[in-house]
Structure formats: structure tokens, C-alpha cells
Amino acid sequence: MDLATILGIVLGFGALIAAFVLEGGHLSSLIGITAYMIIFGGTFGATMTSYGLKDMLGLPKLIMKAVKTPPDRRALLVEEIVKLAEIARRDGLLALENHPIEDPFLKKGIMLVVDGTDAELTEQILYADVEAMEQRHARGYSIFQTMGGFAPTMGIIGTVMGLVHVLSSLKDPESLGPAIAVAFLATLYGVATANLLWLPLHNKLKLRSKEEVAEKQLIIEGVLGIQAGENPRMLREKLLVHLPPQARATEQKAAAVGARAMAPGGE
């Protein structure tokens, strides 16, 4: 679970509410059923018109993807690719055909290599797969960006509607203050949800997509290295640049220990 996403949303809304209370406001003043209906109903309706019912039904899945922390598999992938490179160098590329590979994308790349696909074509096929994935991701996270754009506008619409109602009831001056406050709730909801919910979710999913693309690029470079018959140790060094500094140092240390252990007279 990605606590940063959950805590960030809670902190954002909590800070606004706490500041309002400290200024002497009452929580009941922030409750407006009609404002909720205008903001959420209007935002979801406009977004559904922009996309489609299928996309809107997929929102819970996208939100869960934003609040879950995917495992960083890059170090494990480096080790697996280096192992595959060692097998290919020792027994030939055909020896990889029956070797178990869990990652579907890595398996696809290795099968292309085993089938004798040209290196340039292999690269084109794999990058086309990554590009298609990016387009699917972009369609998903752009929904939240669209919602972040519609929500403040719906807030303004709600406020204008409220003011129209207020101005039509000027005969009762005592009710003007509360009525105007309720009218401005829609703007508050619209701006708050856009900047504390929808746009942050868009940014988080966009970041998730970039992380997955980086993982795929590591795999592609590894597959092409295996196909080119690169030295496994040199291939490891090339792939380690895709890891964060701390993980890179750990992997280099582990590789050095393993090399000493395999050397004649090593422990």
C-alpha cells in the first residue's frame, strides 16, 4: 500500500478542515448536499461524455492502482537477464527456449531471439508493445486530469446557480448571508477535489506508467544484449544503470562477492 497517496489526500483535506475550524468555522457549514450533487454529478457526467461508460467503470481499478505500491523488480530482472545471458553464452540461444521465464514481456523478447528474429525487428516489436502500453495508461490517467479540469468549472456553475437563487430572494435580508455561503460551497468543493484528489491521482498514475516503461526498457536492452552475445558481466554493468544508486551499489557488491567465490581458490 502506498501510504504517501493515502496520507497525502488525508493531510490535504484535513489541513483545510482544521484551518477552517481554527478560524472559528463550524463543520456543519461545510456540508451542502446540493453542492455535492453539482460537483460530483456534474464532474462525472461531463467526464463520462468525454470518454465512455467502460472508462468510468474502470475508475475504481485505477484508484486502487494509485494507492498500491508496485514492487521494484528491476534488480531481480537484472539478475534473471544476466543468468539468461550466461546460459545463452554457454549453451547457445536455443537453450533458452525451455528455460522458465516468469515475466511475460521478457519471455516474449527471449522467444523472438530464439526464433532468430532480426535484432532491429526485435527492438521494433518490443518498443511497439511498450508504446501501446503507454497509450493504454495515458487513456486511464488522463481521465483524472479531465475530472480535475471539470470540477472547478462545475463549482463556478454551482455558485452562480446559488447566487441566482439568492438574488431572487432579496425580500428576506437575514437569509442572504447563509444563502451566499451555501452558494460558494460548490466552488470550494470543485477547487478542493480538483487539486487534492483528481489531479494528484493523475500525477501518481502517470508516475506509475513511467516506472513501468523504465522496467520494460531495461528488459529490451537486456534482450538485445543477449541476442548480440554480449559478455554477461558487461551486460550486467549496462543494466545496472537503470537501478537507483543504492540498489546499484548493492548489486555490484553482490556480483563482486559472487565473482570472488567462483574464482580459483575463492571461498
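Now for a look at the structure at hand. (Residues numbered from 1 in each chain as written. Predicted model: local features only at pLDDT ≥ 70, side-chain atom pairs only at ≥ 80, totals over all residues. Heavy atoms only, no water.)

Helix and strand counts for the chain come out as 10 helices and zero strands. In the chain, the succession of helices and strands from N to C terminus is α-α-α-α-α-α-α-α-α-α. Here the C-alpha radius of gyration of the chain, 27 Å, is well above what a compact globule of 267 residues would show, namely 18 Å. Referenced to the eigenvectors of the C-alpha coordinate spread, the extents of the chain come out at roughly 95 × 40 × 20 Å. Looking at the 267 residues of the chain, the share that counts as buried comes to 34%. Contacts in the chain between residues far apart in sequence, at least 24 positions, make up 74% of those at least 6 positions apart. When the accessible surface of the chain is summed, it comes to about 15700 Å², and 64% of that surface belongs to carbon and sulfur atoms. Measuring between centres, the 25 positive side-chain charges of the chain sit 2 Å from its 28 negative side-chain charges. (Helix = DSSP H or I, 4+ residues; strand = E, 2+ residues; numbered from the N terminus. Rg over C-alpha atoms; globule rule 2.2 N^0.38 Å. Buried < 20%, exposed > 50% of the residue type's maximum accessible area, 1.4 Å probe, protein only. Contact = heavy atoms within 4.5 Å. Areas by Shrake-Rupley, 256 points an atom, 1.4 Å probe, with all protein chains shown as cover. Lys, Arg positive; Asp, Glu negative; His and termini not counted. Charge placed at Lys NZ, Arg CZ, Asp CG, Glu CD.)

The next thing to look at is the packing of aromatic side chains. Within this structure, the stated rule accounts for four aromatic pairs. Ring geometry for Y36 and F40: centres 6.1 Å apart, planes at 25 degrees, overall stacked. Taken together, the positions of Y36 and F40, both in helix α2 (residues 33–50) and four residues apart, correspond to about one turn of that helix. Among the aromatic residues, ring-to-ring pairing joins Y36, F40 and Y189 into one connected group. (Phe/Tyr/Trp six-rings, centres within 6.5 Å; stacked < 30°, edge-to-face > 60°.)

Here the focus is the pattern of salt bridges. One pass over the structure, following the stated rule, counts 12 salt bridges. D103 is the salt-bridge partner of R73, the closest N and O atoms lying 2.5 Å from each other. Of this pair, R73 sits in the loop between α4 (59–67) and α5 (74–91) while D103 sits in the loop between α5 and α6 (104–114), placing them 30 residues apart in sequence. The exposure class assigned to R73 is partly exposed, which follows from its relative accessible area of 27%. Between R208 and E211 there is a salt bridge, and its shortest N-O distance comes to 4.0 Å. Taken together, the positions of R208 and E211, both in helix α8 (residues 176–227) and three residues apart, correspond to about one turn of that helix. When its relative accessible area of 38% is taken as the criterion, E211 is described as partly exposed. (Salt bridge = Lys/Arg side-chain N within 4 Å of Asp/Glu carboxyl O.)

In this section: the packing of α5 against α8. Taken N-terminus to C-terminus, the directions of α5 and α8 make an angle of 10 degrees; their axes are 10 Å apart at the nearest point. Here α5 is positioned roughly parallel relative to α8, judged by the angle of their axes. On the side of α5, the interface is formed by R74, L77, V78, I81, L84, A85 and A88, while α8 contributes E215, L218, I219, G222 and I226. Considering only residue class, the contact of α5 with α8 consists of nine nonpolar, one polar and two charged. (Axes fitted to C-alpha atoms, helices over the stretch in contact; angles between N-to-C directions. Parallel < 35°, antiparallel > 145°, perpendicular 65-115°, else oblique. Nonpolar A, V, L, I, M, F, W, Y, C, P; charged D, E, K, R; others polar.)

Turning our eyes to something else, we now look at the side chain of T47. Within the secondary structure, T47 sits in helix α2. For T47, a relative accessible area of 0% corresponds to the buried category. Ignoring any residue separated from it by four or fewer positions in sequence, one finds T47 in contact with M56, I143, T146, M147 and F150.

By themselves, these observations are geometric and do not establish any function.
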